[in-house]
Structures are given as structure tokens and as C-alpha cells.
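Analysis of the macromolecular model
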Amino acid sequence: WAVLRRLKPFDVRLHYTDRRRVPEELEQELGLTYHPDVESMLQVCDVVTINCPLHPGTEHMFNRDLIRKMKRGAYIVNTARGKICDRDAIAEALEEGQLAGY
């Protein structure tokens, strides 16, 4: 939740998904919008920061199918491990304009 706290001063709409929902008080304090799954969150975000651990369930989580569910022209900021994103899928999405940046 540290990233969300750091972004609050920039007066942006903050969306998040997590296995555990943050306390309601924190959601209200930071103006957070919770999404029950990553797919629903990706449809509304212009910039997505990835902040999760690498394990078998997250390796190549951002693959072609998931990236296609993102808003066209969105940005990915991967502060997690590189293997969470499928390198070839990222390159393809950048070339096609699905992603504006990585």
C-alpha cells in the first residue's frame, strides 16, 4: 500500500486489486477504488504499476491476453520482477500501440 500512499499527493484516481482488501478507512483516506480482479482494473487505468512477488502464479501474468484487456495506449510500470511480464507480449503491444510505454 506504500505505492498508493506515495501517489496520493499527485491528485490521481487510484485503483487497486489485491488478495486482501485494505481497511475501509484507508480506502477513504486515499480515495481508493477496489477491483476484485486485475482484469476489471486494467480496463479503467491509464497507468498500471505492477507491485507483486514473482511466483509460479504470477510468472508471465502480463501476457498477450491480459495486455489486450488494458486500455489502448496505457502504460505499464513494472516495479516487480521482470518475469511477471511476457517480454515478447510487451514488445508486440508496444509495436501495435496497445501499450504507449513500458
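What comes next is a walk through the structure. Not measured: the values here are computed from a predicted model.

This part takes up the overall build of the chain. Helix and strand content of the chain: five helices and five strands. Listed by position from the N terminus, the elements making up the chain come as α-β-α-β-α-β-α-β-α-β. Relative to its length of 102 residues, the chain is compact, with a C-alpha radius of gyration of 14 Å against a globular reference of 13 Å. In the chain, which comprises 102 residues, the share counted as buried stands at 31%.

Turning our eyes to something else, we now look at the side chain of Asn-78. The topology assignment puts Asn-78 in strand E4 (residues 74-78). Only 3.2 Å separates the side chain of Asn-78 from the side chain of Tyr-102, close enough to count as a polar contact.

What follows covers the layout of surface pockets. Empty space among the atoms becomes visible once a probe the size of a water molecule is rolled across them. Computed from the structure, the largest pocket encloses a volume of approximately 1,200 Å³. As for the largest pocket, its lining consists of 35 residues, of which Tyr-16, Thr-17, Met-41, Thr-49 and Asn-51 are closest to the centre. Mapped onto the lining of the largest pocket, the elements with two or more residues apiece are helix H1 (2-7), strand E1 (14-16), helix H3 (38-42) and strand E3 (47-50). It is H1 that provides the largest number of residues to the lining of the largest pocket, a total of five residues. The residue inventory of the lining of the largest pocket, partitioned by class, reads 21 nonpolar, six polar and eight charged.

All chains considered together, the criterion is met by one cavity of 30 Å³ or more. Computed from the structure, the largest cavity encloses a volume of approximately 50 Å³. As for the largest cavity, its lining consists of Arg-64, Ile-67, Arg-68, Ala-89, Glu-92, Ala-93, Glu-96 and Gln-98. Those elements giving two or more residues to the lining of the largest cavity turn out to be helix H4 (64-68) and helix H5 (87-96). Of the residues forming the lining of the largest cavity, the biggest block, four residues, is contributed by H5. When its residues are assigned to classes, the lining of the largest cavity shows three nonpolar, one polar and four charged.

Each value, and the rule that gives it
Residues numbered from 1 in each chain as written. Predicted model: local features only at pLDDT ≥ 70, side-chain atom pairs only at ≥ 80, totals over all residues. Heavy atoms only, no water. Helix = DSSP H or I, 4+ residues; strand = E, 2+ residues; numbered from the N terminus. Rg over C-alpha atoms; globule rule 2.2 N^0.38 Å. Buried < 20%, exposed > 50% of the residue type's maximum accessible area, 1.4 Å probe, protein only. Polar contact = N/O pair within 3.5 Å; in protein donor to acceptor, adjacent residues only side chain to side chain. 1 Å grid on protein atoms, 1.4 Å probe; cavity = no way out; pocket = protein on both sides within 12 Å on 5 of 7 lines; lining within 4 Å. Points joined across faces, edges and corners; volume = space filled by probe spheres on them. Nonpolar A, V, L, I, M, F, W, Y, C, P; charged D, E, K, R; others polar.

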